[in-house]
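Below, each chain spelled out in residue letters.
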Amino acid sequence: MTTTVSDLRLAAERLRKALAEYESFLSGWQDANEPLANDDHATPAEPDVTMQEVTQESGVAITNDVLERYHAASDAVTRYIQRARDQTDSDWSEVVAATEPVRKATLAVHTAGYGSHPETGERDYLLPAELCLARRLSMNAGSSPVTFADRIAQYGAVANRFGIDADVVYHPGSGHDVSPSVAFPEAEVTYVDVDVAAMDDLAAAGYAARLADATAYSVDGGADVIILRNAGLVEEAIVERNLQAGSWVLANDHLKSARHVAGMDGIDLVGVVPDDWPGDTPRIKTADLDPSHIESEGNRSPQSGPSDWAGSPLDLYVFRESIR
């Protein structure tokens, strides 16, 4: 089914209307249940428990309707972007512009139910879980900034092998993962995600974290390294907008990021880092690289040598913008 710009606008409008109904419900619900509780199991202030349960049931139905519209709108964007990928001459700036109404509406869903507590001023989820859109969509709820030793080792191996001395590293769709800051300690690392709690946690810990839709976000001056891991973003638009000439993209293919980057003109696959390896440091395959192997589901064993790598969605693929 072909998705048009009109379809995107209609999906965005339906989502905005559902959000407006949700906000109207919350306004009345919060007035009836002051003080607003942070905890999922707070005792209602109103003595009429039956009435409160009925009201909350209707709120859950409204919340579920927003989520249904959210997923329908997101699916429409996915279909539109896939059509652009199927064409050989897509203008990604036009794709970004066409999908903007939906992306703005979906970002509003990611922040609904999260904010500053009226009494303490603390930033947190402000609603019971079943009514809190931000909490229900979060992939990172309850976490704090985290690092992963295997990811740090992969990034470090790439930097050493290719002599990368990055000043600016960009990690869109990061969630709570701040491994790039350890792997590139001298670089300015920017983290961007739609998960408001994750970005709040990173910012509170001193990281450069931005609540934003990475599809249209621009890093000042561009990036020397862009890391795309498990994010499922519009990689082409992100790379086209932010990658400096002659710079690097590191991507795995769990959500097809690597194959999307591999399909871009002027971007060369120059290395593959395994997702597991014997010893302390991963060996990087740099010869006989075939981008079509990115689509392999991976059938190598952990003991396989570099010449045996068939590609895995969890390997880290190293790309460089062609130097003309």
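Residues numbered from 1 in each chain as written. Predicted model: local features only at pLDDT ≥ 70, side-chain atom pairs only at ≥ 80, totals over all residues. Heavy atoms only, no water.

Participant: Can you walk me through the overall build of the protein chain in this structure?
Facilitator: In terms of helices and strands, the protein chain carries nine helices and nine strands. Taking all 324 residues of the protein chain together, 48% fall into the buried category. Sequence-distant contacts, at least 24 apart, represent 65% of the contacts inside the protein chain between residues at least 6 apart. When the accessible surface of the protein chain is totalled, it reaches about 15,800 Å², and 47% of it is carbon and sulfur. (Helix = DSSP H or I, 4+ residues; strand = E, 2+ residues; numbered from the N terminus. Buried < 20%, exposed > 50% of the residue type's maximum accessible area, 1.4 Å probe, protein only. Contact = heavy atoms within 4.5 Å. Areas by Shrake-Rupley, 256 points an atom, 1.4 Å probe, with all protein chains shown as cover.)

Participant: Is there a simple way to explain the pairing of strand 3 (residues 168–172) in this structure?
Facilitator: Side-chain direction in a regular strand flips from residue to residue, so the side chains alternate between the two faces of the sheet. The element strand 3 is largely enclosed, with a buried count of five among its five residues. Neither face of strand 3 is left uncovered, since the one carrying V168, Y170 and P172 and the one carrying V169 and H171 both have all their residues buried. Across five bridges, the pairing between strand 3 and strand 4 (residues 188–193) is parallel. From the neighbouring strand, Y170 faces strand 4, where its bridge partner is T190. Strand direction decides the pairing type here: strand 3 and strand 6 (residues 223–228), joined by two bridges, are parallel. Bridging across to strand 6, V169 finds its partner in V225. (Pairing = 2+ DSSP bridges.)

Participant: Would you mind showing me how to read the packing of helix 3 (residues 92–111) against helix 8 (residues 235–242) here?
Facilitator: To characterise two packed helices, one gives the angle between the axes of the helices and the distance between these axes. Close contact between helix 3 and helix 8 brings their axes to 9 Å; oriented N to C, the two are set at 120°. Compared by their axis directions, helix 3 and helix 8 come out oblique. When the axes of helix 3 and helix 8 are compared, the crossing they make is left-handed. When helix 3 is examined against helix 8, the residues W92, S93 and V96 are found in contact with a partner set consisting of E236, A237, E240 and R241. Across the contact of helix 3 with helix 8, the residue classes tally to three nonpolar, one polar and three charged. (Axes fitted to C-alpha atoms, helices over the stretch in contact; angles between N-to-C directions. Parallel < 35°, antiparallel > 145°, perpendicular 65-115°, else oblique. Left-handed = near helix turned anticlockwise from the far one by under 90°. Nonpolar A, V, L, I, M, F, W, Y, C, P; charged D, E, K, R; others polar.)

Participant: Which parts of the structure should I look at to understand the confidence of the model for the protein chain?
Facilitator: When the pLDDT values of the protein chain are averaged, the result is 88; 86% of them are 70 or greater. When the criterion is pLDDT under 50, residues 40–45 qualifies, and its contacts beyond four places in sequence or with other chains add up to eight contacts. pLDDT under 50 marks residues 297–307. Its contacts with residues more than four places away, or in other chains, come to 22 contacts. (pLDDT = per-residue confidence, 0-100.)

Participant: Is there a simple way to explain the environment of V169 in this structure?
Facilitator: Note on placement: V169 falls in strand 3. Here the alpha-carbon distance between V169 and Y191, two residues 22 residues apart in the chain, equals 8.8 Å. Those residues in contact with V169 that lie beyond four places of it in its chain are P180, F184, A187, E188, V189, T190, V225 and I227.

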